[in-house]
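# A structural walkthrough
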Amino acid sequence: MSKDILVVAEHFNGKIADVTFEMVGKARELAAGLGGKVVALVIGAGVEANDLASDATLQVNEPALTEFNPEAYARIVEAVVQEQAPRLVMFGWTSMGMDLAAWLSGRTGAPCAAYVRDLRLENGGLVISCQAYNGKLIAEVEPQGEMTIAACLAGSFPTEAGRGATAATSIPSPIALDSLRVRFVEAIQPPPGDVDITTQAKLVAVGRGIGGKENIELAEELAEKLGAVVAASRPVVDAGWLPRTRQVGKSGLKVKPKLYLMLGISGAPEHLEGMKDAELIIAINTDKKAPIFNVAHYGATADLFEVAEAMLELL
Amino acid sequence: MNIVVVLKHIPSVADELPVRGNQVDFDSVDFVLNEWDEQSLEQAALIKEALGGTVTAIGVDVIGELDNLLHLALAKGADRAVKIAADDAGADSHRQAKWLSEAIRPMAPDLVLVGVQASNDIDGQLGPLLAAYLDLPYIGVVSSIEVQDGTALMNKEFAGGFGARYSVRLPFVAGVQVAPKPPRYAPVSKIRQIAQTAKIEVLEPSGEADSGLVFRKVAPPVVSGHAEMIEGSPKEIAARLVALLKERGLA
Ligand SMILES: Cc1cc2nc3c(=O)[nH]c(=O)nc-3n(C[C@H](O)[C@H](O)[C@H](O)COP(=O)(O)OP(=O)(O)OC[C@H]3O[C@@H](n4cnc5c(N)ncnc54)[C@H](O)[C@@H]3O)c2cc1C
Ligand SMILES: Nc1ncnc2c1ncn2[C@@H]1O[C@H](COP(=O)(O)O)[C@@H](O)[C@H]1O
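Values in this document were obtained by computation on a predicted structure and should not be read as measured data.

Scanning chain A from terminus to terminus reveals seven helices and 17 strands. Relative to its length of 315 residues, chain A is compact, with a C-alpha radius of gyration of 21 Å against a globular reference of 20 Å. Overall, the C-alpha framework of chain A stretches about 65 × 45 × 35 Å when taken along its three principal axes. Accessible surface computed for chain A: about 11,500 Å², of which carbon and sulfur atoms make up 48%. When the 28 basic and 39 acidic side-chain charges of chain A are each reduced to a single mean position, those positions are 2 Å apart.

Quick look at the structure:
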């Protein structure tokens, strides 16, 4: 078993994604403590992969892998892990990493920590902090055994330390690509039209606490009075109360408005990924233990309807 | 079509989540159906409606109250209900996935559906672990599945509204993020009626696996900052907020 750290890179439209720089930066810090190297693995053709601060960047440059293929990517990572026997394998806890990390754990028997917020070394061993129960609890775990898999929440570490100039080395695909069961068909683009919530200075964001489609109007009224636009958490969009274009978070859009006024949103890690950098975050929630209060600048434990109605009278 | 839907019974995050030792105090929390399992159940029902076949609902009975969820699944279109009698409130995803894989393999499913994640999946998710143990491909964050001639056409979501369409040869395991339609409603009267007649198959846990994670500590997040809480009646809160926004030129 080596002391190296393998970072499985994420990319989109030919560019390395931020979560990869974040992980490489963190991996450098850990590798220094372990006395090992940081190896980045980039699967996909035509990705600009010469700007990581890894000790080595391996690139599987196959046209068939330009688009994410969960089966192929999983088998390739497994093969590379078998050959390199790293101490730690890092994934982003993203749509891609969610397909790969635990699968690798099941195949190799190596422990996997998901929702990772932090990793550190203590007496030569890894200690990992994971967000659990929608962020209401933090679990601090010590993985056993020679190899560990960590799936890291985007936005957990700074990107700067992961930026560098290591030239990628092409390697052939370690698996056959002609008998895959999963085939990429086409890319799906975000729905066009509607307002662009990423360019708005003020957002009134509603969550499941809004209760139903008929109550969206209240949020619209409040938004109008404030010169804001209504955004939402995922369940609101899944329920069809607002269009997909209004969704903030991991699978939605990332926003950084001057004001993010939240009505009935609990603050799950997936929502925070999309808005935690807003300049002023105000949260109204009936649950005083809602995780959002750990992130918001101002909060009130109150009924959103009563507060919104009262605000409308004053505006 | 032989569809297996996995249900996960987990502590409700709407609760206080008290901690005892290095774990949630499972005795003093409510257990609920993982919210994404509602979506996978709906997706299974939609495929069955389109193609025919059977839907088997299965889960690990971690606190001895899984029957309620299985009755719900039967009311929403499942044909068969199976529970693995474990009585292990802290069974991690690895352990549950191993037991489920042993139970599901002999069923020779065409498709296994799980919720894309559960809030207690600290060691990864159940779905990919199950796929690894069953030696099947896994594809998660799925928002629609249509099956035709042994192949599924499905959509997977990425960030920012982007996604991709895949074609996948059966069988495989999918982690459902959202079904194409909101989950159907099952009237309480129907669930009650099913509860009286339903036959639930009981299996003993078989197989060994665990997460390999030793829990040092489980606690509410230690936060550097906490929101400045505005106290008072809703009217007072509103007045304070409006004043704050005006001060900052935001209203
Ligand atoms: C792969 C993946 C991607 C995801 N992507 C996203 C994403 O992009 N965006 C996103 O938001 N989520 C996303 N999620 C879902 C996420 O995990 C949470 O389920 C979601 O953020 C919860 O939304 P919520 O806070 O509105 O609902 P809940 O967590 O149900 O919270 C509702 C809150 O409203 C409060 N409330 C209820 N009634 C009232 C009232 N009258 N007044 C005041 N407060 C009230 C409750 O106390 C509660 O805190 C994703 C999940 C997965 C698995
Ligand atoms: N066709 C595609 N459309 C959108 N995203 C894709 C596509 N193919 C791959 N991805 C993945 O989407 C993710 C983008 O995440 P983010 O960096 O958070 O925007 C990356 O993990 C990419 O690998």
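Still more ground to cover, so stick around.
In this section: the site of ligand 1. Lining the immediate environment of ligand 1, one finds 32 residues, of which Ser233(A), Ser251(A), Ser266(A), Glu270(A) and Asn285(A) sit closest. Around ligand 1, the nearby residues trace back to chains A and B. Ser266(A) is positioned such that a nitrogen or oxygen atom in its side chain is 2.6 Å from an oxygen atom of ligand 1. His271(A) places a polar side-chain atom, nitrogen or oxygen, 2.8 Å from an oxygen atom of ligand 1. Protein chains bury 89% of the 990 Å² of accessible surface belonging to ligand 1 in isolation. For the shell around ligand 1, the secondary-structure elements that each account for two or more residues are helix H5 (234–238), helix H6 (269–275), strand E16 (280–285) and helix H7 (304–314) of chain A together with helix H1 (35–51) of chain B. Across the shell around ligand 1, the residue classes tally to eleven nonpolar, 14 polar and seven charged.

With respect to the secondary-structure elements, Leu17(B) resides in the loop between strand E2 (9–11) and strand E3 (19–20). Accessibility expressed as a relative area gives 3% for Leu17(B), which makes it buried. Distance from Leu17(B) to Val29(B), taken between C-alpha atoms, is 6.4 Å for residues twelve residues apart in sequence. Apart from residues no more than four positions distant in its own chain, Leu17(B) is found in contact with Tyr133(A), Lys136(A), Leu137(A), Pro11(B), Ser12(B), Val24(B) and Val29(B).

Our focus in this paragraph is the site of ligand 2. Lining the immediate environment of ligand 2, one finds Glu10(A), His11(A), Phe12(A), Ala17(A), Glu67(A), Phe68(A), Ala187(A), Phe158(B), Ala159(B), Phe162(B) and Gly163(B). More than one chain reaches ligand 2: the nearby residues come from chains A and B. A distance of 2.5 Å separates an oxygen atom of ligand 2 from a polar backbone atom of His11(A). Here a nitrogen atom of ligand 2 and a side-chain polar atom of Glu67(A) are 3.0 Å apart. Computed on the free molecule, ligand 2 has an accessible area of 500 Å², of which 81% lies beneath the protein chains in the complex. Split into classes, the residues belonging to the shell around ligand 2 amount to seven nonpolar, two polar and two charged.

Attention now goes to the pairing of strand E8 (residues 111–115) of chain B. All names here are of chain B. Judged by how many residues are buried, E8 sits mostly within the fold: five of five residues are covered. Taking every second residue as pointing to the same face, both faces of E8 are buried, with Leu111, Leu113 and Gly115 on one and Val112 and Val114 on the other. Here strand E1 (residues 2–7) runs beside E8; their pairing, made up of three bridges, is parallel. Looking at E8, one finds that Val4 is bridged to Val112.

A few words now on the packing of helix H3 (residues 93–104) of chain B against helix H4 (residues 126–134) of chain B. Residues and elements named next belong to chain B. At a closest axis distance of 8 Å, the pairing of H3 and H4 adopts a crossing angle of 45°. In terms of axis orientation, H3 runs oblique to H4. Helix-helix and strand crossings are classified by hand; for H3 and H4 the assignment is right-handed. In this structure, H3 contributes Ser93, His94, Gln96, Ala97, Lys98, Leu100, Ser101 and Ile104 to the contact, and H4 contributes Leu126, Leu129, Leu130, Tyr133 and Leu134. In terms of residue class, the contact of H3 with H4 is built from eight nonpolar, four polar and one charged.

Turning our eyes to something else, we now look at the pattern of salt bridges. All names here are of chain B. Tallying each qualifying case throughout the model produces 35 salt bridges over all chains. Residue Lys83 is joined to Asp67 by a salt bridge in which the shortest nitrogen-to-oxygen separation is 2.8 Å. In this pair, Lys83 is assigned in strand E7 (residues 80–85) and Asp67 in helix H2 (residues 66–75), connecting sequence segments 16 residues apart. Classification of Asp67 as partly exposed rests on a relative accessible area of 27%.

All names here are of chain A. Tallying each qualifying case throughout the model produces zero disulfides over all chains. Cys130 supplies the cysteine sulfur nearest to Cys112, a cysteine that is in no disulfide, at a spacing of 8.6 Å. Residue Cys130 is classed as buried on the basis of its relative accessible area, which comes to 0%.

Once that is clear, we can look at the packing of aromatic side chains. A full pass over the atoms with the stated rule returns six aromatic pairs over all chains. Consider the rings of Phe184(A) and Tyr166(B), whose centres lie 6.0 Å apart with planes at 75°: the pair is edge-to-face. Linking Phe184(A) in strand E12 (residues 182–188) with Tyr166(B) in strand E11 (residues 163–169), this pair reaches from one chain into another. An aromatic cluster of three or more residues is present, and its members are Phe68(A), Tyr73(A) and Phe158(B). For the cation-ring pair, Arg163(A) lies above Phe21(A), with the distance from its terminal atom to the ring centre recorded as 4.2 Å. Over the aromatic face of Tyr133(B) sits the side chain of Lys98(B), whose NZ or CZ is 4.2 Å from the ring centroid.

The next point concerns the domain arrangement of chain A. All names here are of chain A. The domains assigned to chain A are domain 1 (5–170) and domain 2 (197–314). The straight-line distance from the C-alpha centre of domain 1 to that of domain 2 is 32 Å. Between domain 1 and domain 2, the residue contacts involve eleven residues of the former and ten residues of the latter. Between domain 1 and domain 2 the total buried area reaches about 820 Å² when both faces are included, carbon and sulfur atoms providing 54% of it. The three residues of domain 1 that bury the most area against domain 2 are Asn134, Lys136 and Ala154, which together make up 47% of that side's buried surface. Counting across the domain 1 and domain 2 interface gives one salt bridge. Between Asp287 and Lys136 there is a salt bridge; the shortest N-O distance is 3.1 Å. On the surface where domain 1 and domain 2 come into contact, there are two residue pairs in polar contact (both at pLDDT 80 or more). Its residues assigned to classes, the side of domain 1 that touches domain 2 comprises five nonpolar, five polar and one charged.

What counts and how
Residues numbered from 1 in each chain as written. Chains lettered and ligands numbered in written order. Predicted model: local features only at pLDDT ≥ 70, side-chain atom pairs only at ≥ 80, totals over all residues. Heavy atoms only, no water. Helix = DSSP H or I, 4+ residues; strand = E, 2+ residues; numbered from the N terminus. Rg over C-alpha atoms; globule rule 2.2 N^0.38 Å. Areas by Shrake-Rupley, 256 points an atom, 1.4 Å probe, with all protein chains shown as cover. Lys, Arg positive; Asp, Glu negative; His and termini not counted. Charge placed at Lys NZ, Arg CZ, Asp CG, Glu CD. Near = heavy atom within 4 Å. Polar contact = N/O pair within 3.5 Å; in protein donor to acceptor, adjacent residues only side chain to side chain. Nonpolar A, V, L, I, M, F, W, Y, C, P; charged D, E, K, R; others polar. Buried < 20%, exposed > 50% of the residue type's maximum accessible area, 1.4 Å probe, protein only. Contact = heavy atoms within 4.5 Å. Pairing = 2+ DSSP bridges. Axes fitted to C-alpha atoms, helices over the stretch in contact; angles between N-to-C directions. Parallel < 35°, antiparallel > 145°, perpendicular 65-115°, else oblique. Left-handed = near helix turned anticlockwise from the far one by under 90°. Salt bridge = Lys/Arg side-chain N within 4 Å of Asp/Glu carboxyl O. Disulfide = S-S within 2.5 Å. Phe/Tyr/Trp six-rings, centres within 6.5 Å; stacked < 30°, edge-to-face > 60°. Lys NZ or Arg CZ within 6 Å of the ring centre and 35° of its normal. Domains from an automatic or database assignment. Buried area = accessible area lost by both parts, 1.4 Å probe.

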